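# Per-entry structural report
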Amino acid sequence: MPTDVIMPQMGESIFEGTITKWLKKAGDTVQKDEVLFEISTDKVDAEIPSPVAGVLTEIRSPEGATVEVNAVVAVIGEAGSVVSPAPDAQPSTPKEVAPKAPAAPPQVAQAPQGRIRSTPLARRIAKEHGFDLSRIPGSGPGGRIGKEDVLRAATSPVQKAAAPQMAQVAQAPEAPLQDLASLPSEPVPLTRMRALIAGRMVESVRTSPHVYTVYKVDMTRIARLRERHGAAFNQRHGVKLTFMPFIAAAAVAALRRYPIVNASLETTPQGLAIRYHQNINLGIAVALDWGLIVPVIRQAEQASLASLARSIADLAIRARSKKLSPDEVGGSTFTLTNAGAFGGEFGMPIINQPESAILAIGGLRKEPAVLTDAEGNDTIAIRSMQYFCLGFDHRLIDGADGGKFMLAFQKVLENWNHEID
């Protein structure tokens, strides 16, 4: 019997999704749980797997179509079933235009005998950690390499020895020169995600009077802690000890001292009112090839350094591989954004509404600094310095509160005395 493939409901508040890419065409053989198509919703992008094994006999909704949840978008039948021709593409309207799929990342160490079969998430993990996919045996259908295969191989001495040393600050690969004449001559409609981002940014600037304060923090102590404990931490917890969990922990500590920075404004019948949040739900902005998304670490005030490190790494990987659920990208009370990932000194971010503040992380630099000892003697030393920029809503947070928050944040990082668990 043929099996209907339906548009899944990705959350209680989501009623439709846009098909951005079909990874299979009519007539292709598919395995159970193999990715069939990609969708974009108001909250997340996701890869949708096949519910059964068989042959994709019919595609009812083409790329670019916006489809209601539970609608049938394709049919899977048995081998030898009659295959229906694919429908024509949907007309290009702002609602239904889907983003062109980003160019597939280059395969890591292509095997000479042919293409390496692997899932997008497996390729992403391998690329980020410098693992050689040709050395990893796949346990999926037809030897396809999955996430578990890469993670399992990551603990092997062969892969550890083969993996290159990663830079402390990831540098974006330089884009190739573009032939300007080959670019579209007509206006190109915004993708669904780009339109949502545009609307939210304009709304935030209109809503909140933005004020910024920039602090330079001496990260030398944190850098040395990473050097001493990084290998053991990775072995114990299965995740790299980056600067990010330290920064997140320092932000949480400062938010606990100054909860007004974790609060938000609400409109009530009596006028504006302050909503003090009972938990710190930490948003971590993740740049994607096709936009920006902010997954959330809920109840971050209860998380250890190791838990923060695991959550940050997990959310980033799943955001880039379209594996987040809608519940993981909403409800944040304070956001961190890594403006220095591409080498910038610092950024001046726009607040993620309805929050009242956002902290931008600048680039890490080694530079000369003047140190003063207890007796007032000055010396010059090479220190690891980093800028941090707090953007906040001046309706709710005064400059003094912003400064006190940043001083508390700075103190935690420069005098870190917590256990590296």
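Cut-offs and rules
The numbers attached to residues start from 1 for each chain and follow its sequence in the written order. Where totals are concerned, whole chains, interfaces and linings use all residues; where local detail is concerned, this predicted model gives features only for residues with pLDDT of at least 70, and gives and counts side-chain atom pairs only at 80 or more. Calculated side-chain values reflect all of the structure's heavy atoms, with hydrogen atoms and water omitted. Following DSSP output, two strands are said to pair if at least two bridges run between them. Only DSSP runs of H or I with at least four residues qualify as helices, and only runs of E with at least two residues qualify as strands; both kinds are numbered from the N terminus onward. Orientation is described by lines fitted to C-alpha atoms, with helices fitted over the stretch in contact, and by angles between N-to-C directions that extend from 0 to 180 degrees. Only centres within 6.5 Å qualify two rings of Phe, Tyr or Trp (six-membered ring in Trp) as a pair; their planes then separate them into stacked at under 30 degrees, edge-to-face at over 60, and tilted for everything else. Burial classes: relative accessible area under 20% of the type maximum marks a residue as buried, over 50% as exposed, and values in between as partly exposed (1.4 Å probe, protein chains only). Expected helix span is given by 1.5 Å per residue-to-residue step, counting one fewer step than there are residues. Relevant arc is that of directions from the helix axis to the C-beta atoms, nothing else. Any Lys or Arg side-chain nitrogen found within 4 Å of a carboxyl oxygen on Asp or Glu counts as a salt bridge. Throughout, a contact is declared for two residues whenever any of their heavy atoms are within 4.5 Å. Residues adjacent in sequence count toward polar contacts only when both atoms are side-chain atoms; beyond that, a polar contact is any pair of N or O atoms within 3.5 Å, and within protein one must be able to donate a hydrogen and the other to accept it. Patch membership requires more than 30% relative accessible area and the absence of a salt bridge. Residues of like charge join within 9 Å; the nonpolar side chains Val, Leu, Ile, Met, Phe, Trp and Tyr join within 5 Å. Using a 1.4 Å probe, the Shrake-Rupley method yields the accessible areas, and only the shown protein chains count as cover for residues. Within this scheme, the nonpolar core is defined by two criteria: the residues are buried Ala, Val, Leu, Ile, Met, Phe, Trp, Tyr or Cys, and they are joined through side-chain atoms within 4.5 Å.

All right, on to the sheet that holds strand β7 (residues 66–68) then. Taken in spatial order, the four strands of this open sheet run β5-β4-β2-β7, and their pairing is antiparallel. Of all strands in the sheet, those bounded by a partner on one side alone are β5 (45–49) and β7. For this sheet the average axis-to-axis angle between neighbouring strands, irrespective of direction, equals 40 degrees. Here strand β4 (residues 35–40) pairs with β5 via five bridges, running antiparallel. Note that in β5 the partner of S40 across the bridge is D45.

It is worth spelling out the packing of aromatic side chains at this point. Within the structure shown, the criterion is met by five aromatic pairs. When the ring of W22 is compared with that of F37, the centres are 4.7 Å apart and the planes differ by 40 degrees; the resulting orientation is tilted. With W22 in strand β2 (residues 16–22) and F37 in strand β4, this residue pair connects regions lying 15 residues apart in the sequence. The exposure classification of W22 matches that of F37, with both residues buried. Ring geometry for F346 versus Y387: centroids 5.8 Å apart, planes at 55 degrees, classification tilted. Highlighted residues: F346 in the loop between β16 (334–337) and β17 (357–372) and Y387 in strand β18 (residues 378–393), separated in sequence by 41 residues. Exposure remark for F346: the relative accessible area of 38% places this residue in the partly exposed category. Given the relative accessible area of 23%, Y387 is considered partly exposed.

So, on to helix α4 (residues 192–207). Given a rise of 1.5 Å per residue, 16 residues ought to cover 22 Å, and the 23 Å separating the end C-alpha atoms of α4 matches this to within 8%. Of the residues making up α4, those classed as buried are R192, M193, I197 and S204. For α4, the angular spread of the buried residues around the axis is 125 degrees, confining them to a single face.

As summarised here, the arrangement of the six strands in space is β9-β18-β17-β16-β12-β15, forming an open sheet in which the pairing is mixed. Strand pairing shows two members of the sheet lacking a second neighbour, β9 (210–218) and β15 (296–297), which therefore form its edges. Here β16 runs beside β17; their pairing, made up of three bridges, is parallel. Along β17, the bridge assignment pairs L336 with L359.

The next thing to look at is the pattern of salt bridges. A pair can form between side chains of opposite charge whenever their charged atoms are brought close. For the coordinates displayed, the defined rule picks out 13 salt bridges. Of the charged contacts, one joins K24 and E34 as a salt bridge, the two residues approaching to 3.0 Å between their closest N and O atoms. In this pair, K24 is assigned in the loop between β2 and β3 (29–30) and E34 in the loop between β3 and β4, connecting sequence segments 10 residues apart. Of the charged contacts in the structure, one is a salt bridge between E367 and K216, with a shortest N-O distance of 2.8 Å. Placement of the pair is E367 in strand β17 and K216 in strand β9, with a sequence separation of 151 residues. Since its relative accessible area comes to 30%, K216 is described here as partly exposed. When salt bridges with common partners are traced through the structure, they connect D314, R318 and E328 into a single cluster.

Here the amide bond leading from Q353 into P354 is cis, since omega sits at 5 degrees, within 30 degrees of zero. Assignment of secondary structure puts P354 in the loop between β16 and β17. Unusually for a residue other than glycine, N70 sits at a positive phi of about 75 degrees. Phi is positive for K322, close to 60 degrees, though the residue is something other than glycine. You can see K322 is positioned in the loop between α7 (305–320) and β16.

With that out of the way, let us pick up the side chain of S40. Considering the arrangement of structural elements, one finds S40 in strand β4. Ignoring any residue separated from it by four or fewer positions in sequence, one finds S40 in contact with G17, T18, T20, D45 and R192.

Here we take up the environment of E266. Following the sequence through the fold, E266 ends up in strand β10 (residues 264–268). Overall, the relative accessible area of 30% leaves E266 in the partly exposed class. The spatial distance from the C-alpha of E266 to the C-alpha of P354 is 8.5 Å, given a sequence separation of 88 residues. Residues within four places of E266 in sequence aside, it is in contact with G271, L272, A273 and R275. Within the local environment of E266, its side chain forms a polar contact with the side chain of R275, the two groups lying 2.8 Å apart.

Moving on: the environment of A263. Relative to the helices and strands, A263 resides in the loop between α6 (244–257) and β10. Measuring from C-alpha to C-alpha, the distance between A263 and A357 comes to 8.7 Å, with 94 residues separating the pair along the chain. Ignoring sequence-local partners within four residues, the contact set of A263 consists of I274, R275, Y276, H277, S356 and L396.

We now examine a nonpolar patch on the surface. Taken together, the side chains of M201, V205 and I350 define a hydrophobic patch exposed on the protein surface, amounting to about 210 Å² of accessible area. The residue M201 is located in helix α4 in this model.

F334, L336, F388 and F409 are the most contacted members of the largest nonpolar core, which totals 83 residues. In terms of residue count, α6 provides more of this core than any other element does, 10 residues in total. In this view, L336 contacts M244, I247, A248, A251, L282, G283, I284, A285, L359 and I361; residues no more than four positions away in its chain are not counted. Counting residues in hydrophobic clusters, the runner-up holds 11 residues, among them L133, I136, V150 and A153.

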